[in-house]
Amino acid sequence: MRGYFGKKTAIVAAPLATTSMAVAEAVEVLHWWTSGGEAAALNVLKDDLAGKSIGWVDMPVAGGGGEAAMTTLRARVTAGDAPTAVQMLGFDILDWAAEGKLANLDAVAAEEGWDAVVPAPLQGFSKSDGHWVAAPVNVHSTNWVWANKAILDELRLAQPTSWDEFVAAMQKVKESGKTALAHGGQAWQDATMFDGVVLSVGGVEFYKRAFIDLDPAALGTDQMVEAFNRMATLRGVVDDNFSGRDWNLASAMVINNEAAFQIMGDWAKGEFLKAGKVPGTDFLCFRVPGSQGMVAFNSDQFAMFAQTDEGAVAAQGEMARAIMSPSFQSAFNVVKGSVPARIDVPNDAFDDCGKQGMAELAEASTNCTLVGSIAHGHANKAAVKNAIYDVVTAHFNGEYDVATAAANLVGAVEAAQ
Ligand code: BGC
């Protein structure tokens, strides 16, 4: 699968010594899991570690997509005060590994047999220069729609299966006086919708050519103009107060019968579950119409920053071991909305959306219709991702028309490489 395996010259430290001894040490964990559903999932992790006598020092940095967390991380590392464990996405992991800052997890990975159970596309981000540098805790995917079932029933709307049906359904909702699309106007949320929209327009072939291979011809093509057209359609069905709204508040609009749909990664499901909502009864989950059979993924991984203190090193090893245990992967992902990062975790404990997510991930992997999320750092390094954010957001906010957006995308991506 092209594009998952970045070129890197990594300098990683010697393998972490692993011991099964009880460690009284703590891990300091930098993360951006601050919404209700995210905090519930984080508690599963905290409790698991507490049961293993590993202390927890919390370092939350709010902001979906993790941009603010990554800025804080950079400042901490520059000050010579790196946290021990950091929630991280895709190319950011590879970049920090290339800077020689990450601990080597090979010993615990070998003891626990990670090579055999972590899917190759994930390993492409967990390993640098053949060494394990991060432990994947989940697989999320971005091309989902979350729908309020009562509103759809009331308006006699069936679950849309094509883009046109989706647009027609949103128009009906708008005419009814409810908000059609719950959205928060933040660059990463605009880009998250863009992941699914691009797939709906041109499938994985177009997605890969444009956003993984960064082919200027694909970036400036008519299909890209159509992708921006679809974004403009979405802009036409959000409410007046969308600007700056946090993603979980947009989820709450669907949960509270104010809005019919939200296009968001499956961390949104964590909010529905936290509110006591049941898939199939209270809400529906389905792929962005037109992107069925395709999965844009991102995986939260914990990268460990190299430490010299023996106790801290032992705690890191134990945390990595805990994260990767099959029972933890089940318990955590059931709450988080994501699916396990190992192929051998049973789906019994998952709800229908989770089961669907697991099955679709496996299918997409077999059919080569699995692509790294543009918005969540799994298609390209941060500079390119941010360049795409800028154009997608400026267009969404009406700064320029669709043709200009496609043309600007070509230039912005080129300049960022
Ligand atoms: C992360 C999720 C998180 C979401 C919103 C994504 O980048 O992968 O774990 O829930 O951002 O904060």
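Residues numbered from 1 in each chain as written. Predicted model: local features only at pLDDT ≥ 70, side-chain atom pairs only at ≥ 80, totals over all residues. Heavy atoms only, no water.

Novice: So what about the nonpolar core? Which residues, and what values?
Specialist: One finds F194, F211, M224, F228, L234 and F261 to be the most contacted residues of the largest nonpolar core, which totals 59 residues. Listed in part, the 44 residues of the second largest apolar core include I54, W56, L94 and L361. (Core = buried A, V, L, I, M, F, W, Y, C linked by side-chain atoms within 4.5 Å. Buried < 20%, exposed > 50% of the residue type's maximum accessible area, 1.4 Å probe, protein only.)

Novice: Give a description of the pairing of strand β10 (residues 259-263) that names residues and reports values.
Specialist: Of all 5 residues in β10, 5 are buried; the element is thus mostly enclosed. Judged from the 3 bridges that link them, strand β8 (residues 144-148) and β10 form a sheet pairing that is antiparallel. Bridging across to β10, V145 finds its partner in I263. (Helix = DSSP H or I, 4+ residues; strand = E, 2+ residues; numbered from the N terminus. Pairing = 2+ DSSP bridges.)

Novice: Account for the domain arrangement of the protein, naming residues and giving values.
Specialist: Each domain of the protein was delimited in the assignment, giving domain 1 (4-140 + 299-355) and domain 2 (141-296 + 362-416). Each of domain 1 and domain 2 has a C-alpha centre, and the two are 27 Å apart. Taken together, the contact between domain 1 and domain 2 spans 28 residues of the former and 29 residues of the latter. Between domain 1 and domain 2 lies a buried interface of about 2200 Å² when both sides are counted; carbon and sulfur atoms form 57% of it. Where domain 1 touches domain 2, the interface holds 1 salt bridge. In this structure, D351 and K269 form a salt bridge, with 2.9 Å as the shortest nitrogen-oxygen distance. (Domains from an automatic or database assignment. Contact = heavy atoms within 4.5 Å. Buried area = accessible area lost by both parts, 1.4 Å probe. Salt bridge = Lys/Arg side-chain N within 4 Å of Asp/Glu carboxyl O.)

Novice: A description of the sheet that holds strand β11 (residues 283-287) should follow, citing residues and the corresponding values.
Specialist: Strands sit in the order β9-β10-β8-β11 across an open sheet of 4 strands; the sheet is mixed. Looking at the sheet topology across the chains shown, the edges are occupied by β9 (179-181) and β11. For this sheet the average axis-to-axis angle between neighbouring strands, irrespective of direction, equals 20°. Across 5 bridges, the pairing between β8 and β11 is antiparallel. Each residue of the ladder has a partner; that of N148, found in β11, is F283. Against the sheet, helix α16 (residues 352-366) engages β8 and β11, with an angle of about 10° to β11. (Axes fitted to C-alpha atoms, helices over the stretch in contact; angles between N-to-C directions.)

Novice: Go over the pattern of salt bridges with me, naming the residues and quoting the values.
Specialist: Counted by the stated rule, this structure contains 16 salt bridges. The salt bridge partner of E28 is R76, with a shortest N-O separation of 2.7 Å. In this pair, E28 is assigned in strand β1 (residues 26-31) and R76 in helix α2 (residues 67-78), connecting sequence segments 48 residues apart. On the basis of relative accessible area, R76 is assigned to the buried category, the value being 13%. With a shortest N-O distance of 2.7 Å, D239 and R245 are connected by a salt bridge. For D239, a relative accessible area of 14% translates into the label buried. Residue classification places R245 among the buried residues on the basis of a relative accessible area of 13%. Taken together, the salt bridges that share partners define one network made up of E111, E112, E318 and R321.

Novice: Go over the packing of aromatic side chains with me, naming the residues and quoting the values.
Specialist: By the definition in use, this model includes 18 aromatic pairs. Between F261 and F286, the ring centres sit 6.5 Å apart and the planes meet at 85°, which makes this aromatic pair edge-to-face. Of this pair, F261 sits in strand β10 while F286 sits in strand β11, placing them 25 residues apart in sequence. With respect to class, F261 is no different from F286; both count as buried. Grouped by ring-pair contacts, the aromatic residues W33, F302, F328 and F332 constitute a single cluster. Here R287 stacks its cationic end above the ring of W144, 3.8 Å away from the centre of that ring. (Phe/Tyr/Trp six-rings, centres within 6.5 Å; stacked < 30°, edge-to-face > 60°. Lys NZ or Arg CZ within 6 Å of the ring centre and 35° of its normal.)

Novice: Lay out the sheet that holds strand β7 (residues 140-141) with the relevant residues and their values.
Specialist: Backbone-to-backbone hydrogen bonds pair the strands of a sheet. The strands run either parallel or antiparallel. Spatially, 3 strands are ordered β7-β12-β14 in an open sheet, and the strand pairing comes out mixed. In this open sheet, the two strands that pair with only one neighbour each are β7 and β14 (370-372). Here 2 bridges tie β7 to strand β12 (residues 295-298), and the two strands are oriented antiparallel to one another. Its bridge partner lying in β12, S141 is registered against F297.

Novice: For the environment of V254, give the residues involved together with the corresponding values.
Specialist: Within the secondary structure, V254 sits in helix α12 (residues 247-255). You can call V254 buried: its relative accessible area is 1%. The contacts of V254, once residues within four sequence positions are left out, are W146, A147, N148, A182, A259, A260, F261, Q262 and F272.

Novice: Can you tell me about the state of the cysteines, naming the residues and giving the values?
Specialist: Such a bond, covalent and formed between the sulfur atoms of two cysteines, is termed a disulfide. Tallied over the entire structure, the rule returns 1 disulfide. One disulfide bridge connects C285 with C353, the sulfur atoms lying 2.1 Å from each other. Of note, the bridge from C285 to C353 carries an S-S torsion of about -110° and is left-handed in sense. A residue pair is termed long-range when its members are at least 10 positions apart, and C285 in strand β11 and C353 in helix α16 qualify at 68 residues. Note on accessibility: C285 and C353 belong to one class, buried. (Disulfide = S-S within 2.5 Å.)

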